[in-house]
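# Breakdown of the fold
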Amino acid sequence: MDNSKRTVVVTGFGPFGEHTVNASWVAVQELKKLGLGTEVDLQVYEVPVEYQTVQSLVPSLWKKYHPMLVVHVGVSGMATTVTLEKCGRNHGYKGLDNSSFCPDSQCCIVGGPDCIDSVIDMESVCKRVTASGLGVAVSVSKDAGRYLCDFTYYTSLYMSHGRSAFIHVPPLGKPYSGEDLGRALQAIVQEMLELLGNAKEQIHCQQHFH
């Protein structure tokens, strides 16, 4: 692996329920085709809709790649915009997964905080992407839904001390195509990387002055 490159991991989910083709994985595959520029090593993964797989897979991605950022993408049947989730929540997981399993504790990490915010300013990302004239509506949310999306997000935020993001996309054709969603993901992740890069530079400058 080229150490001069920044590594970004982006995940989508596999089929579940009525979503026999999951728009999130289609969008992530479109993003992979587009890439994030020559300086970013983009790794993509399809995540099964299973709590226990998430509990082992998410930490393994952080350990394997030591990425600058991990972005999880999920589908929401209620969404009509591409939605940036601000935080993940620890409790309230009662919905059964594809294996008809649900954690006995109904939480992600026993003893973990109730809510973990992303270090990324989602409002700022939303404004920047909207101003770029992408042609895809973007919004911000504080509730990722207490199912596998929220569970994955919280687990990743906990592992990374907040250096994760979650993006909900609408089902395909309602109203956006996979290509539209891929372009939106590219623009959003590039803005996130820019914000993280700027924050890193500010910290470096502050350390330099002290």
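Per chain, residue numbering runs from 1 following the sequence as it is written. Per-residue local features of the predicted model are confined to residues with pLDDT of at least 70, and side-chain atom pairs are confined, for both listing and counting, to 80 or more; whole-chain, interface and lining totals are unaffected and use all residues. Processing note: side-chain calculations cover all non-hydrogen atoms of the structure and skip hydrogens and water entirely.

### What about the overall build of the protein?
When you go through the protein residue by residue, the secondary structure sums to five helices and eight strands. Each helix and strand of the protein, ordered N terminal to C terminal, gives the series β-α-β-α-β-β-β-β-α-β-α-β-α. The globule rule is 2.2 Å times the number of residues to the power 0.38, and the radius of gyration it is compared with is taken over C-alpha atoms. Rg of the C-alpha trace for the protein: 16 Å, near the compact-globule value of 17 Å for 210 residues, within the 12% margin. Exposure is judged per residue with a 1.4 Å probe applied to protein chains only, and the accessible area is read against the type maximum: over 50% gives exposed, under 20% gives buried, and values in between give partly exposed. Buried positions account for 51% of the 210 residues belonging to the protein. Taking contacts inside the protein between residues at least 6 apart in sequence as the whole, the part at least 24 apart equals 82%. Of the charged side chains in the protein, 17 are positive and 21 negative; the average position of the first set lies 3 Å away from that of the second. Helix numbers and strand numbers start at the N terminus; a helix is a DSSP run of H or I with at least 4 residues, a strand a run of E with at least 2. Contacts are residue-level and defined by heavy atoms, with any inter-residue pair within 4.5 Å sufficient. In summary, the charge assignment counts Lys and Arg as positive and Asp and Glu as negative, without counting His or the chain termini. To locate a charge, take atom NZ for lysine, CZ for arginine, CG for aspartate or CD for glutamate.

### Regarding the packing of aromatic side chains
Within 6.5 Å between ring centres, the rings of Phe, Tyr and Trp (the latter by its six-membered ring) count as paired, and their orientation is classed by plane angle as stacked under 30 degrees, edge-to-face over 60, tilted in between. In this structure the tally under the stated criterion is ten aromatic pairs. Aromatic side chains Tyr45 and Tyr65 sit 6.2 Å apart centroid to centroid with 65 degrees between the ring planes, which places their arrangement in the edge-to-face category. With Tyr45 in strand 2 (residues 40-47) and Tyr65 in helix 2 (residues 51-65), this pair connects stretches of sequence that are 20 residues apart. Ring centres of Tyr51 and Tyr93 lie 6.5 Å apart, and the angle between their planes is 80 degrees; this geometry places the pair in the edge-to-face category.

### A look at the pattern of salt bridges
Between Lys or Arg on one side and Asp or Glu on the other, a salt bridge is scored when a side-chain nitrogen of the former is within 4 Å of a carboxyl oxygen of the latter. For the coordinates displayed, the defined rule picks out seven salt bridges. Its salt-bridge partner being Arg146, residue Asp143 comes within 3.5 Å of it at the nearest N-O pair. Judged by relative accessible area, which is 31%, Arg146 ranks as partly exposed. Among the ionic pairs, Arg146 bridges to Asp150, the shortest N-O distance being 4.0 Å.

### A closer look at the confidence of the model for the protein
Taken as a whole, the protein shows an average pLDDT of 93; of its residues, 93% reach a score of 70 or greater. Per-residue confidence from the prediction method is given by pLDDT, with values spanning 0 to 100. Here residues 204-210 is modelled with pLDDT under 50, and outside its nearest four sequence neighbours on either side it reaches zero contacts, counting other chains as well.

### Describing the UniProt feature "active site" (unreviewed entry) in the protein
UniProt positions are given in the numbering used here, feature names are shortened, and annotations may be inferred rather than shown by experiment. Per the UniProt annotation, the sites labelled "active site" (unreviewed entry) are Glu85 and Cys149. Spanning 65 residues, the annotated positions come together in the fold, the maximum distance between their C-alpha atoms being 10.0 Å. Within the secondary structure layout, Glu85 lies in strand 4 (residues 82-85). Apart from residues no more than four positions distant in its own chain, Glu85 is found in contact with Met122, Ser141, Lys142, Asp143, Ala144, Tyr153, Phe166 and His168. Within the structure, the side chain of Glu85 is placed 2.7 Å from the side chain of Ser141, a separation counted as a polar contact. Owing to a relative accessible area of 11%, Cys149 belongs among the buried residues under this scheme. Polar contacts here mean pairs of N or O atoms no more than 3.5 Å apart (in protein, one a potential hydrogen donor and the other a potential acceptor; neighbouring residues in sequence count only if both atoms are side-chain atoms).

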